[in-house]
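Notes for the structure review
What follows is the residue order along each chain.
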Amino acid sequence: MTTADPRPVLDFHVRLAPVEHAADRLLSMMDESGVARAVVCAGGTMPLERLSRNLIEGGHIETDADNEAVRAACAASGGRLVPFWFANPHRDPAEYRERAAEFRGLEISPAVHGVGLDDPRTAALVAAAGEAGHSVYTVCLERPGATVADLVKLAAAHPDVTFVLGHMGIGNIDLYALELVGDLPNVLAETSGGYAVVARTALRLLGPDRILFGSEAPLQHPATELDKLRRAGFEDADWHAATWRNACRVLGEPERT
């Protein structure tokens, strides 16, 4: 995929780091990869070394992500960057409700804030997302309350909310996650991180209409993740669904280029 490729690409998972010129660098990576637009959530909530340790040993923060920086960067991007609100379940969802119209979706992260998907505070945020017409992006953990099975229960309790399973599950080869969410049409799988075989299996088990291309830029280059889908065997119709059409549907937009 290059900038000359006529097929549009919408990356459903990138992060804005809290550093100078982060948005410019993100847009440059998108240009190098032929990515027209991207869904952006706050990044850099903690050093990566600490996040990595917390994923294994446990631990969390209770501070807010910089949602205002995300909103401002997206507003200045001419529509190329689409802002998501990074929720802090340790706070009342009132601020998110008040500002929901400035954003296009919600992220909830048990890995960052340590609040499970089975927690009433998470349910309150999901209810607020439903009121706003937002989808909910989350990454699951092999930890009580934050597993894919917990996401299944949450999604079943909120059938009118669209959920996005980040990284297609836990780790690089979570085929079981795809089986768990298979019967829930309101759960889509986002492709960053997982092996090509998981993307190929998602295509078989979930179908092309339940897959969202994501890259995790700037930690991973979008071109690398696009090449993964290509090598996983995504043909034209499936490619367009995963890299553009489904994202437009989840965002409530027409399939414009």
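Residues numbered from 1 in each chain as written. Predicted model: local features only at pLDDT ≥ 70, side-chain atom pairs only at ≥ 80, totals over all residues. Heavy atoms only, no water.

1. Here we look at the environment of Glu102
Stated precisely, the cut-off is as follows: We count a stretch as a helix when DSSP gives it H or I for four or more residues in a row; a strand needs E for two or more, and each element gets its number in order from the N terminus. In this description, contact between two residues means that some pair of their heavy atoms is separated by no more than 4.5 Å.
Along the chain, the position of Glu102 falls in the loop between helix H4 (94–99) and strand E5 (105–108). Discounting residues that sit within four places of it in the chain, Glu102 has contacts with Arg71 and Pro83.

2. Focus: the pattern of salt bridges
The condition is simple: The rule for a salt bridge is simple: a side-chain nitrogen of Lys or Arg has to be within 4 Å of a carboxyl oxygen of Asp or Glu. Summary of the burial criterion: residues with accessible area below 20% of their type's maximum are buried, those above 50% are exposed, and those between are partly exposed, where the area comes from a 1.4 Å probe applied to protein chains only.
Tallied over the full model, the rule gives 17 salt bridges. Salt-bridge contacts for Glu68 lead to Arg99; the nearest nitrogen and oxygen are separated by 2.6 Å. Placement of Glu68 in helix H3 (residues 67–75) and of Arg99 in helix H4 is noted, with a sequence separation of 31 residues between them. For Glu68, a relative accessible area of 33% corresponds to the partly exposed category.

3. Some points on the sheet that holds strand E4 (residues 85–86)
By way of backbone hydrogen bonds, the strands of a sheet pair with one another, either parallel or antiparallel. Note the cut-off: In this scheme, strands are said to pair when DSSP sees at least two bridges between them. Axes, fitted as lines to C-alpha atoms, cover a helix only where it is in contact. Angles between the N-to-C directions of the axes lie from 0 to 180 degrees.
As summarised here, the arrangement of the six strands in space is E4-E5-E6-E7-E8-E9, forming an open sheet in which the pairing is parallel. Each edge of the sheet is formed by a strand with only one pairing partner; in this case those strands are E4 and strand E9 (211–212). Against the sheet, helix H6 (residues 120–132) engages E5, strand E6 (135–138) and strand E7 (163–165), with an angle of about 170° to E5.

4. Focus: the packing of aromatic side chains
Formally: When two rings of Phe, Tyr or Trp (its six-membered ring) have centres within 6.5 Å they constitute a pair, described as stacked for plane angles under 30 degrees, edge-to-face for angles over 60, and tilted for the intermediate range.
Summed over the entire model, instances satisfying the criterion amount to three aromatic pairs. With centroids separated by 5.7 Å and ring planes inclined at 85°, the aromatic side chains of Phe12 and Phe84 adopt a geometry described as edge-to-face. In this pair, Phe12 sits in strand E1 (residues 10–16) while Phe84 sits in the loop between strand E3 (81–83) and E4, placing the two residues 72 residues apart along the sequence. Phe84 sits in the buried class, given a relative accessible area of 2%. One aromatic cluster in this structure is built from Trp85, Tyr96 and Phe103.

5. Some remarks on the sheet that holds strand E2 (residues 37–42)
Spatial strand order, E1-E2-E3: three strands in an open sheet with parallel pairing. Of all strands in the sheet, those bounded by a partner on one side alone are E1 and E3. Strand-to-strand twist in this sheet, taken as the mean axis angle between neighbours without regard to direction, amounts to 35°. Here five bridges tie E1 to E2, and the two strands are oriented parallel to one another. Across the sheet, the residue bridging to Leu16 is Ala42, located in E2.

6. Focus: the environment of Arg80
What counts here: Here a polar contact is recorded for every N or O atom pair within 3.5 Å, except that within protein the pair must consist of a potential hydrogen donor and a potential acceptor, and residues adjacent in sequence are included only if both atoms are side-chain atoms.
Here Arg80 shows up in the loop between H3 and E3. For Arg80, a relative accessible area of 21% puts it in the partly exposed group. Taking the C-alpha atoms as reference, Arg80 lies 27 Å from Tyr195; in sequence the two are 115 residues apart. Every residue in contact with Arg80, bar those within four places of it in the chain, is listed here: Leu27, Met30, Asp31, Val35, Ala36, Arg37 and Ala38. At 2.9 Å, the side chain of Arg80 forms a polar contact with the side chain of Asp31. A distance of 2.9 Å separates a polar atom in the side chain of Arg80 from the backbone oxygen of Ala36.

7. Looking at the side chain of His134
Examined against the element boundaries, His134 turns out to sit in the loop between H6 and E6. In this structure the side chain of His134 is engaged in a polar contact, spanning 2.7 Å, whose partner is the side chain of Tyr96. Excluding anything up to four places from it in sequence, His134 contacts Tyr96, Ala100, Phe103, Arg104, Gly105, Leu106, Ala129 and Val161.

8. A short note on unusual backbone geometry
Cis rather than trans, the peptide bond between Ala217 and Pro218 has omega equal to 5°. With respect to the element layout, Pro218 can be found in the loop between E9 and helix H10 (222–231). Look at His21: it is not a glycine, yet its phi comes out positive at around 65°. Mapped onto the elements, His21 comes out in the loop between E1 and helix H1 (22–33). For His21, a relative accessible area of 48% gives the class partly exposed. Even without a glycine there, the phi angle at Met168 is positive, about 60°.

9. Looking at H10
Which entries qualify depends on this criterion: Here the arc refers to the directions that run from the helix axis out to each C-beta atom.
The set of residues buried in H10 consists of Pro222, Glu225, Leu226, Lys228 and Leu229. Projection of H10 onto a plane perpendicular to its axis shows the buried side chains occupying an angular sector of 150°, all on one side. Residues of H10 that are buried sit in contact with E1, H1, helix H9 (196–205) and helix H11 (236–251). Positive backbone phi, at 95°, marks Gly233, one or two positions downstream of H10.

Honestly, it's all geometry; don't read function into it.
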